[in-house]
Amino acid sequence: MSIYLDSRFSKLIPYAPGEQPKTPVKIKLNTNESPFPPSPKVRQAVMAAVETMRLYPDPTASAVIEALAQTLGVRPGQVTLGNGSDEILAFCFQALCPNGVAFPDISYGFYPVYAQLYQVDIHTIPLRDDFTLAVEDYAGLGRTIVFANPNAPTGLALSRAQIATMLETNPGSLVIVDEAYIDFGAESAIPLLEQYDNLMVVGTFSKSRAMAGARLGYAVASEALIADLNLIKYSFNPYNLNRMTLAAGAAVLEDASYFEACAQKIINTRIIAKDKLEKSGYYCTDSMANFIFVSHPEYEAEVLQGRLRAEGILVRWFNQSRIKNWLRITIGTETQMDELVKIMDSITNK
Ligand SMILES: *Cc1c(COP(=O)(O)O)cnc(C)c1O
């Protein structure tokens, strides 16, 4: 730390991203990336965009916004894009939490980091013992609420009706639903936008659309809330989406059938992997995401993580009090998951 750093940031603890190994490991299941490449249509679109790289990108990103609005069944004015959904979330913490923020004690690790970065008062609400989020615990908070649905790293999801209850019991407060994993089986809150103007849905192309490396996320909300996000965007970086990413995003949206087939494969593989691990004595939450959340009554998660690493398999372990004995394992291809299950079974059933 230099003597020039503003003292407001001297205690800031940054987000710790999952390991991105320099030399490829055999099976990488630690950061919830897709095991499949993005739609084959992406390559050509990105190559064409490279030809025009000398020009600034479209700051309104209208082509991708219009296609995404159509895909999601909303008006283009209800959508804005970010450099990853992380950027959208950052704007939300910066500008849309005037009375502080509330989020679950176990959820996406970036929420507390952004709250600290933008000096937003934090109210954490513990998940119940079974890791479920009880909407009653969120009634009348008088501050912005943010949570992931399905939640990370538990994979547990609220129904659309439960989210409606949260919106009803927080009139006048913004509720941000982070739907990074929505395409793997849970119900999107987007249809509730017709009825509730205190709802914002945030999503990403990183997971189900296999574009983590391109950085493309979005927010869907009322026109007024989208104008608020654009106010921040145009006061910070109007060119937050580069030409290659915009081209990739447009191409991916044109190939809905490829996207749906990949998401369905991941769901099927998740169901099979969970079933096999449970037969081997592991416990898995009822995940609706592209990962499973796994523990074993006799083997410590940190030890299991080390054993898997020794076999060339990376999974995620969080050194955090309530989830110390759990591993978050991304769903890979069928072959990768068979290998994982075989090793996990051999560890506990010698
Ligand atoms: C991965 C993830 C994000 C971030 O997605 P990007 O679009 O890659 O920035 C946001 N929220 C949750 C819960 C995530 O898991």
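Attention here is on the structure that accompanies the text.

What counts and how
- Residues numbered from 1 in each chain as written.
- Predicted model: local features only at pLDDT ≥ 70, side-chain atom pairs only at ≥ 80, totals over all residues.
- Heavy atoms only, no water.
- Helix = DSSP H or I, 4+ residues; strand = E, 2+ residues; numbered from the N terminus.
- Rg over C-alpha atoms; globule rule 2.2 N^0.38 Å.
- Buried < 20%, exposed > 50% of the residue type's maximum accessible area, 1.4 Å probe, protein only.
- Contact = heavy atoms within 4.5 Å.
- Lys, Arg positive; Asp, Glu negative; His and termini not counted.
- Charge placed at Lys NZ, Arg CZ, Asp CG, Glu CD.
- Core = buried A, V, L, I, M, F, W, Y, C linked by side-chain atoms within 4.5 Å.
- Near = heavy atom within 4 Å.
- Polar contact = N/O pair within 3.5 Å; in protein donor to acceptor, adjacent residues only side chain to side chain.
- Areas by Shrake-Rupley, 256 points an atom, 1.4 Å probe, with all protein chains shown as cover.
- 1 Å grid on protein atoms, 1.4 Å probe; cavity = no way out; pocket = protein on both sides within 12 Å on 5 of 7 lines; lining within 4 Å.
- Sits in = over half its atoms within 2 Å of the grid points.
- Nonpolar A, V, L, I, M, F, W, Y, C, P; charged D, E, K, R; others polar.
- Pairing = 2+ DSSP bridges.
- Axes fitted to C-alpha atoms, helices over the stretch in contact; angles between N-to-C directions.
- Expected span 1.5 Å × (residues − 1).
- Phe/Tyr/Trp six-rings, centres within 6.5 Å; stacked < 30°, edge-to-face > 60°.
- Lys NZ or Arg CZ within 6 Å of the ring centre and 35° of its normal.

Re the overall build of the protein chain
For the protein chain, the count of helices and strands is 10 helices and 12 strands. Computed over its C-alpha atoms, the radius of gyration of the protein chain comes to 20 Å, within 12% of the 20 Å expected for a compact globule of 350 residues. Counting only C-alpha atoms, the protein chain reaches 60 × 50 × 50 Å along its principal axes. Counting only residues that meet the buried cut, the protein chain has 52% of its 350 residues in that class. Here the contacts in the protein chain between residues at least 6 apart in sequence split such that 72% fall between residues at least 24 apart. The average position of the 30 basic charges and that of the 37 acidic charges among the side chains of the protein chain differ by 7 Å.

Describing the nonpolar core
Counting residues in each nonpolar core, the largest one holds 50 residues, and the members touching the most others are Leu81, Phe147, Met166 and Leu199. Here this core gets five residues from one element, more than from any other, and that element is helix 7 (residues 243–254). If you look at the next biggest cluster of nonpolar residues, it comprises 34 residues, including Phe184, Cys262, Leu277 and Met344.

Some thoughts on the site of the ligand
Taken together, Gly84, Ser85, Asp86, Tyr108, Ala148, Asp178, Ala180, Tyr181, Thr204, Ser206, Lys207 and Arg215 make up the full set of residues near the ligand. A distance of 2.6 Å separates an oxygen atom of the ligand from a polar side-chain atom of Ser206. Side-chain polar atom of Arg215 to an oxygen atom of the ligand: 2.7 Å apart, as the coordinates give it. Notes on the ligand: free accessible area 380 Å², of which the protein chains cover 93%. Most atoms of the ligand, that is more than half of them, are within 2 Å of grid points of the largest pocket. Taken together, the residues of the shell around the ligand sort by class into four nonpolar, four polar and four charged.

Description of the sheet that holds strand 5 (residues 144–148)
If you walk across this open sheet you meet the seven strands as 2-8-7-6-5-3-4, and the pairing is mixed. Two strands close off the open sheet at either side, each with one partner strand: strand 2 (79–82) and strand 4 (122–125). Mean inter-strand twist for the sheet, computed between neighbouring axes without regard to direction, equals 20 degrees. Pairing of strand 7 (residues 199–204) with strand 8 (residues 217–220) involves four bridges; the strand directions are antiparallel. Its bridge partner lying in strand 8, Val201 is registered against Val220.

Considerations on helix 7
With 12 residues, helix 7 extends 17 Å between its outermost C-alpha atoms, agreeing within 8% with the 16 Å of an ideal straight helix rising 1.5 Å per residue. Regarding helix 7, the residues found buried are Thr245, Leu246, Ala247, Ala248, Gly249, Ala251, Val252 and Leu253. Along its buried surface, helix 7 packs onto helix 1 (41–51), helix 2 (62–72), strand 2 and helix 8 (256–279). N-capping of helix 7 is provided by Asn242, with a side-chain oxygen placed 2.9 Å from the backbone N of Met244.

Notes on the packing of aromatic side chains
Applying the stated criterion to the full structure yields 16 aromatic pairs. Seen from their ring centres, Phe93 and Tyr111 are 6.3 Å apart, and the 25 degrees between their planes marks the pair as stacked. A residue pair is termed long-range when its members are at least 10 positions apart, and Phe93 in helix 3 (residues 85–95) and Tyr111 in helix 4 (residues 110–117) qualify at 18 residues. A relative accessible area of 0% places Tyr111 in the buried class. Taken together, a centroid distance of 4.9 Å and an interplanar angle of 15 degrees make the contact between Phe293 and Trp326 stacked. With a gap of 33 residues between them, Phe293 in strand 10 (residues 291–295) and Trp326 in the loop between strand 11 (313–317) and strand 12 (327–330) connect regions that are remote in the sequence. A relative accessible area of 0% means that Phe293 is categorised as buried. Under the relative-accessibility criterion, Trp326 is labelled buried at 12%. Among the aromatic side chains, those forming a connected cluster through ring pairs are Tyr15, Phe93, Phe103, Tyr108, Phe110, Tyr111 and Tyr114. It is Arg209 that lies over the ring of Phe205; its NZ or CZ is 5.3 Å from the centre. Its guanidinium or amino end placed over the ring of Tyr234, Lys233 lies 5.4 Å from that ring's centre, counting from NZ or CZ.

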